Amino acid sequence: MTRDEPFESGRMASTDDHPDAPLGLSQALLLPRIVIENTEPVLDAGLYAVKAVVGQPISVSSKVYTDGHDTLAVMLNWRQASSRRWHCQAMQSLGNDSWQGSFAVSEMGRHVFFIEAWIDQYASYCHELAKKVAAAVNVALELKEGRIHLEQAAARSNGPLRTQLQALLKRLSKLSANDQVERLLHADTRTLMAEADLRAYLSRSPEFPLEVERERALFASWYELFPRSITDDPQRHGTFNDVHQRLPMIRDMGFDVLYFPPIHPIGTAHRKGRNNALQAEPDDPGSPYAIGSPEGGHEAIHPQLGSREDFRRLVAAAAEHGLEIALDFAIQCSQDHPWLKEHPGWFSWRPDGSIRYAENPPKKYQDIVNVDFYAAEAIPSLWLALRDVVVGWVEEGVKQFRVDNPHTKPLPFWQWLIADVRSRYPEVIFLAEAFTTPAMMARLGKVGYSQSYTYFTWRNTKAELQRYFEELNQPPWRYCYRPNFFVNTPDINPYFLHESGRAGFLIRAALATMGSGLWGMYSGFELYEATPIPGKEEYLDSEKYEIRPRDFTQPGNIIAEIAQLNRIRRQNPALHTHLGVQFFNAWNDNILYFGKRTPDGDNFILVAVSLDPHNAQEANFELPLWELGLDDNAQTLGEDLMTGHRWTWHGKTQWMRIEPWHQPFGIWRIEKAH
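Residues numbered from 1 in each chain as written. Predicted model: local features only at pLDDT ≥ 70, side-chain atom pairs only at ≥ 80, totals over all residues. Heavy atoms only, no water.

Draft legend 1. Main features of the overall build of the protein chain. Along the backbone of the protein chain there are 18 helices and 29 strands. Seen through its principal axes, the protein chain has C-alpha atoms that stretch 100 × 70 × 50 Å. Every one of the 674 residues in the protein chain was classed for burial, and the buried ones make up 55%. Residue pairs in contact within the protein chain that sit at least 24 positions apart in sequence constitute 74% of those at least 6 positions apart. Computed over 68 positive and 85 negative side-chain charges, the separation of the two mean positions in the protein chain equals 5 Å. (Helix = DSSP H or I, 4+ residues; strand = E, 2+ residues; numbered from the N terminus. Buried < 20%, exposed > 50% of the residue type's maximum accessible area, 1.4 Å probe, protein only. Contact = heavy atoms within 4.5 Å. Lys, Arg positive; Asp, Glu negative; His and termini not counted. Charge placed at Lys NZ, Arg CZ, Asp CG, Glu CD.)

Draft legend 2. Here's a closer look at the side chain of arginine 569. Checked against the element boundaries, arginine 569 lands in helix H18 (residues 559-571). Buried within the structure, arginine 569 lacks any salt-bridge partner; aspartate 256 is the closest side chain of opposite charge, at an N-O distance of 6.3 Å. Residues within four places of arginine 569 in sequence aside, it is in contact with Phe219, Ala220, Ser221, Thr513, Met514, Ser516, Gly517, Leu518, Trp519, Leu575 and His576. (Salt bridge = Lys/Arg side-chain N within 4 Å of Asp/Glu carboxyl O.)

Draft legend 3. Representation of the UniProt feature "domain: Glycosyl hydrolase family 13 catalytic" (unreviewed entry) in the protein chain in the model. This chain's UniProt record puts "domain: Glycosyl hydrolase family 13 catalytic" (unreviewed entry) on residues 224-569. Strand forms 12% of residues 224-569 and helix 32%; the C-alpha atoms that close the span are 19 Å apart. (UniProt positions renumbered as here; feature names shortened; annotations may be inferred.)

Draft legend 4. A look at the sheet that holds strand E2 (residues 35-40). Spatial ordering of the open sheet is given by E2-E4-E8-E7, a layout of 4 strands whose pairing is antiparallel. The open sheet has two free edges, formed respectively by E2 and strand E7 (92-95), since each of these has just one partner strand. Adjacent strand axes in the sheet meet at a mean angle of 30° when their direction is disregarded. Looking at chain direction, strand E4 (residues 58-65) and strand E8 (residues 98-103) are connected through 6 bridges and run antiparallel. Following the sheet pairing, lysine 63 is matched in E8 by serine 98. (Pairing = 2+ DSSP bridges. Axes fitted to C-alpha atoms, helices over the stretch in contact; angles between N-to-C directions.)

Draft legend 5. Representation of the UniProt feature "active site" (unreviewed entry) in the protein chain in the model. In this structure's numbering, the residues bearing the UniProt feature "active site" (unreviewed entry) are Asp404 and Glu433. Of the residues just listed, which span 30 residues, no C-alpha pair is farther apart than 5.3 Å, and they cluster in one region. Looking at the element boundaries, aspartate 404 is found in strand E17 (residues 400-404). With sequence-adjacent residues up to four places away left out, aspartate 404 is seen in contact with Tyr289, Asp328, Phe329, Ala330, Gln332, Lys409 and Glu433. Tracing the chain through its elements places glutamate 433 in strand E18 (residues 429-433). Discounting chain neighbours no more than four positions away, the residues touching glutamate 433 are Arg402, Val403, Asp404, Asn405, Pro406, His407, Tyr453 and Asp491. A polar side-chain atom of glutamate 433 sits 3.5 Å from a polar atom in the side chain of arginine 402. (Polar contact = N/O pair within 3.5 Å; in protein donor to acceptor, adjacent residues only side chain to side chain.)

Draft legend 6. Representation of unusual backbone geometry. Put simply, glutamate 40 and proline 41 share a cis peptide bond, and its omega is 5°. Within the secondary structure, proline 41 is located in the loop between E2 and strand E3 (50-53). The linkage connecting proline 475 with the following residue, proline 476, adopts the cis geometry, with an omega of 0°. Locating proline 476 in the fold gives a position in the loop between helix H14 (462-472) and helix H15 (477-480). Non-glycine residue aspartate 97 carries a positive phi angle of around 70°. Its location among the elements puts aspartate 97 in the loop between E7 and E8.

Structure (structure tokens):
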């Protein structure tokens, strides 16, 4: 149903006006008689928008009740924030004052929804009439009361509805008592009376915001590479044109987002050398995160990568392969950035007149300086300049941004910038590279970030992984936070991968691809690169400071396995989100065993991952036959989605053996036997 905006929200009296004053009679008479509370999904009482994607069913629940035993009507209403056209749908009672409804939207952008409830006087009458008829009570007076309900409804109606109600009254006068009862209780009569309902004691919840994005905000596979390393010679700087040769392989591995670290000019002042050395050699390329040189800043392209036209051709070529280019938005500057001369008031300066460079003790980033968002000269010019940087790249065809360390920048800035950009370009997606406290990570999602990096990188044991997956499925996380399970980054070489070999990389790939609708990997993962700086989660000979050519065809790579994992994800809708995960019994602490189903139950995937990259693991485990409505002895059909092998399972309790030198995980589709 739809209707034009009819609601001019009246202000109800509230004790919040004078919280210490006793409630007056005049105030009490204005309070709603019907209670609407505990509405979900809602974030911070509606202060922030819950996340959704186009076409995703939004399940709304609430506690709705009133005094007495009258029947309530409860309606779910929603609209696009920029529209006056409301859509509405009746909510269904689940018993115990719980009501539920759902809706889906087909447009991106901000939406709002609310719940309204009223006493349905005719439904209450029908309930009472039916009970008395069933108890063989004389209902002559009730029949008269029913006609009064119809007369009053006809009097307040117009057009065809009034005509139909008047015809019904005329028909009733010619019927026997039993036939009158049947007609008064008939579904057609109830429908007419619902349309003419007075909506007695109408109560409304607040309007709650909903941010609707495109599907890729929920389901995507990211691949990160340094364009300068797409070369066969470490002495020759790779270019955008060189990246074209990689596009087919990245596509064939099943990725749909190709992410570049900063592509802007790199400063020379305090440039870092290889392995983060303080002194750079003449041929050292420097860190791309030291943004800015006389050639330009965040709006410019590093000359050795190519021209702006080269970049545009790459964006177009990537699109032909089903890939979107994502760029790094790193709000930091080299000491050669033009802004330091043009806008010195945007930066922090030390008492001796030197500029304050970035530090994260004991780490020092002498090649990087940070802006001061609240400097007197920075408001609003710095904020607008950064917004314009993002918009400029959007206009070049970039619709996804990985934001470097957003938790070190003001939350009000992000709330404004993301809303401003998405008001013009609702298709734009922002990924937060935030490894910080849970509260801050959740808050970044609330203020607008579409996705976020996660603690997944450091969850290794069965208990840790299960607890973390389940936490992400609970409010408020499920409403504000979409986890992107990156298995590695140029900054993070996880301890688990240092000595686990090929099997360890497959284990983490399986956990990431099956655990979340969003995952990513940094180039070299498919070759199981893991040589660390001893004792640190950092790469020796880090690509952040040097050009690193790779032979992506070298023996033993896991390219085929990654391609199949991504293919499984695409073909099975149950795997398009991190939500809905369920853990089942597998009696071995080294085997993580879980399942995901689509809401209609048609697609049911079981995943078993050995967390031991060195030894075979065995376990008895349970097939979740109860989820299929089957008894413990039922037969089910299984299919190994990595190999295509099919079989029939008999009964609930089964046995598995996982050998890491073959494949350290199993991914099965389970179906009822026909």
